[in-house]
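What follows is each chain in one-letter form.
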Amino acid sequence: MAKSPEVEHPKKAFGWAARDSSGILSPFKFSRRATGEKDVTFKILYCGICHSDLHMLKNEWGISTYPLVPGHEIVGMVTEVGSKVHRFRVGDKVGVGCLVGACRSCNDCSNNLENYCPKSILTYGAVYHDGTTTYGGYSDIMVADEHFVIRIPDNLPLDAGAPLLCAGITVYSPLKFYGLDKPGLHVGVVGLGGLGHVAVKFAKAMGVKITVISTSPNKKTEALEHLGADSFLVSTDQGQIQAALGTLDGIIDTVSAVHPLLPLIGLLKSHGKLIMVGAPEKPLELPISSILLGRKIVGGSCIGGLKETQEMIDFAAKHNITADIEVIPIDYVNTAIERLVKADVRYRFVIDIGNTLKLSS
């Protein structure tokens, strides 16, 4: 196994960054830390564009710092490993999702739930243990502690597998945790976008009956014929909603815009669960009486821990689950962001970092 020297200068890196809340990205030179004894360094080949990248670029959550290099659906090939790295070798296919650090000692970390650690460190736009700013995957190389690195199975395509590191785990984790992964259950998926289309694929692979719920009637054919959903509801069609009242065991709500919850809660059976995984900018209205009657639950879920993320990736490889993607060059990224605002993508943009980043520089 190729080992890195224990003393090394920081690595020169190149990517695209936003300098302010306009969110406009342009070429940016920066440094990655030297490969530490427990670090894995890899050449980034692809990086997905997540809807949260859009929020962060424009500081819509009020936590962004600039310059900001987005990207937390990162895959590539290992080029160097530290002397105490045991799980990876040079040449391995790997990925990094939404997290690059956590305290590793709290109750959540002890239970493989680093995603809920109060001191978790985001892959970009955060402060790392050494005080440096974290930069994401719209760049050429990545250095990460091996605990936060995911092994990508050989049969999972890197480009279409990249979005699973965020979108995939975001829907896989609540399906498992809330018991909505049992064959024969009937689950609704609200929103047929980057998260929703992957939710349908995972749920179907688990043997679950799926109803897609959307405001767009024109997505019916896509949902039923391409993604294999069992039924389709137009959420604004009162006749369709009335006919489906009390039919669902659970709902995964992937919508990140403000929308009414009352019609969705009405679709649940008694003891049904409405699970929110989208992150609207403004608070939603929750009619309490609608959950009292029927002992219904409104819950949430945010990505997943590293153990579960690896489990999800292995499940995806076993069942040939990938995201539906549009691969783009890095110099198209600003146009892609504009299209993402309009939901003009089916269903996830993935940047071809390996073939286009150097060319664009």
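Residues numbered from 1 in each chain as written. Predicted model: local features only at pLDDT ≥ 70, side-chain atom pairs only at ≥ 80, totals over all residues. Heavy atoms only, no water.

Attention shifts here to the nonpolar core. The nonpolar side chains of soluble globular proteins are, as a tendency, buried together. By size, the foremost hydrophobic cluster in this structure holds 58 residues, and its most contacted members are Leu164, Val200, Phe202, Ile210, Val212 and Ile313. Elements that contribute at least two residues to this core include exactly β3 (39-48), α4 (167-177), β10 (186-190), α5 (194-205), β11 (209-214), β12 (231-234) and α10 (306-318). What Val200 contacts, discounting residues up to four positions off in sequence, is Val189, Leu192, Ile210, Val212, Leu227 and Ala229. Ala17, Ile44, Val69 and Tyr124 belong to the second largest nonpolar core, which has 47 residues in total. (Core = buried A, V, L, I, M, F, W, Y, C linked by side-chain atoms within 4.5 Å. Buried < 20%, exposed > 50% of the residue type's maximum accessible area, 1.4 Å probe, protein only. Helix = DSSP H or I, 4+ residues; strand = E, 2+ residues; numbered from the N terminus. Contact = heavy atoms within 4.5 Å.)

This part is about the sheet that holds β10. Strand order across the open sheet formed by six strands is β12-β11-β10-β13-β14-β15, with parallel pairing between neighbours. At either margin of the open sheet sits one strand with a lone partner, and together these are β12 and β15 (297-300). In this sheet, neighbouring strand axes are inclined to one another by 20° on average, regardless of whether the strands run parallel or antiparallel. One ladder, built from four bridges, connects β10 with strand β13 (residues 248-253); its direction is parallel. Bridge pairing links Gly188 to Ile251 in β13. α5 contacts β10 and β11 of the sheet and is inclined by roughly 170° relative to β11. (Pairing = 2+ DSSP bridges. Axes fitted to C-alpha atoms, helices over the stretch in contact; angles between N-to-C directions.)

Glancing now at the UniProt feature "domain: Enoyl reductase (ER)" (unreviewed entry) in the protein. Sites flagged by UniProt as "domain: Enoyl reductase (ER)" (unreviewed entry) map to residues 23-351. Along residues 23-351, the helical share is 26% and the strand share 26%, with 17 Å between the first and last C-alpha atoms. (UniProt positions renumbered as here; feature names shortened; annotations may be inferred.)

Cis geometry is found at the peptide bond from Tyr66 to Pro67, where omega equals 0°. Relative to the helices and strands, Pro67 resides in the loop between α1 (51-57) and β4 (74-81). In this model, Arg346 is joined to Tyr347 through a cis peptide bond whose omega is -5°. Along the chain, Tyr347 falls in the loop between α11 (333-341) and β17 (348-352).

Here we take up the pairing of β10. Among the five residues that make up β10, five are buried, leaving the element largely enclosed by the rest of the structure. Side chains His186, Gly188 and Val190 project from β10 onto one buried face, and the interleaved Val187 and Val189 project onto a second face that is buried too. Of the strand pairs in this sheet, β10 and β11 are connected by five bridges, and their pairing is parallel. The partner of Val190 across the bridge, within β11, is Ile213. You can see the chain leave β10, run along α5 and come back into β11, and the turn it takes is right-handed. (Right-handed = clockwise from strand over helix to strand, strands pointing away.)

What follows concerns α10. Taking 1.5 Å of rise per residue, 13 residues should cover 18 Å, and α10 covers 18 Å from first to last C-alpha, within 8% of that figure. Every buried residue belonging to α10 is among Leu306, Glu308, Thr309, Gln310, Met312, Ile313, Phe315, Ala316 and Ala317, and all of these are buried. Buried residues along α10 sit against β9 (150-151), α4 and α5. (Expected span 1.5 Å × (residues − 1).)

Right, let's talk about the environment of Gly48 for a bit. Relative to the assigned elements, Gly48 resides in strand β3. Judged by its relative accessible area of 0%, Gly48 falls in the buried class. Not counting chain neighbours up to four residues away, the residues in contact with Gly48 comprise Asp53, Glu73, Tyr138, Ala162, Phe349 and Val350.

By the secondary structure assignment, Lys93 is in strand β5 (residues 93-96). It is Asp154 that comes nearest to the buried, bridge-free Lys93 among opposite-charge side chains, at 4.3 Å. Within the structure, Lys93 has its side chain in polar contact with the backbone oxygen of Asp154 (distance 3.0 Å). Every residue in contact with Lys93, bar those within four places of it in the chain, is listed here: Gly76, Met77, Ile150, Arg151, Ile152, Pro153, Asp154, Leu156 and Leu158. (Lys, Arg positive; Asp, Glu negative; His and termini not counted. Salt bridge = Lys/Arg side-chain N within 4 Å of Asp/Glu carboxyl O. Polar contact = N/O pair within 3.5 Å; in protein donor to acceptor, adjacent residues only side chain to side chain.)

With that settled, consider the pattern of salt bridges. Tallied over the full model, the rule gives 13 salt bridges. In this structure, Asp181 engages Lys176 in a salt bridge whose closest nitrogen and oxygen atoms are separated by 3.5 Å. Take Asp181: its relative accessible area is 14%, and that puts it in the buried class. The salt bridge partner of Glu326 is Arg339, with a shortest N-O separation of 2.9 Å. Highlighted residues: Glu326 in strand β16 (residues 325-328) and Arg339 in helix α11, separated in sequence by 13 residues. With relative accessibility at 16%, the residue Arg339 sits in the buried group.

Examined against the element boundaries, Ala316 turns out to sit in helix α10. Of the residues examined, Ala316 reaches a relative accessible area of 0% and is grouped as buried.

With respect to the secondary-structure elements, Asp181 resides in the loop between α4 and β10. Side-chain polar atoms of Asp181 contact the side chain of Lys182, separated by 2.9 Å. If we ignore the near neighbours within four places in the chain, the residues touching Asp181 are Leu175, Lys176, Met206 and Val208.

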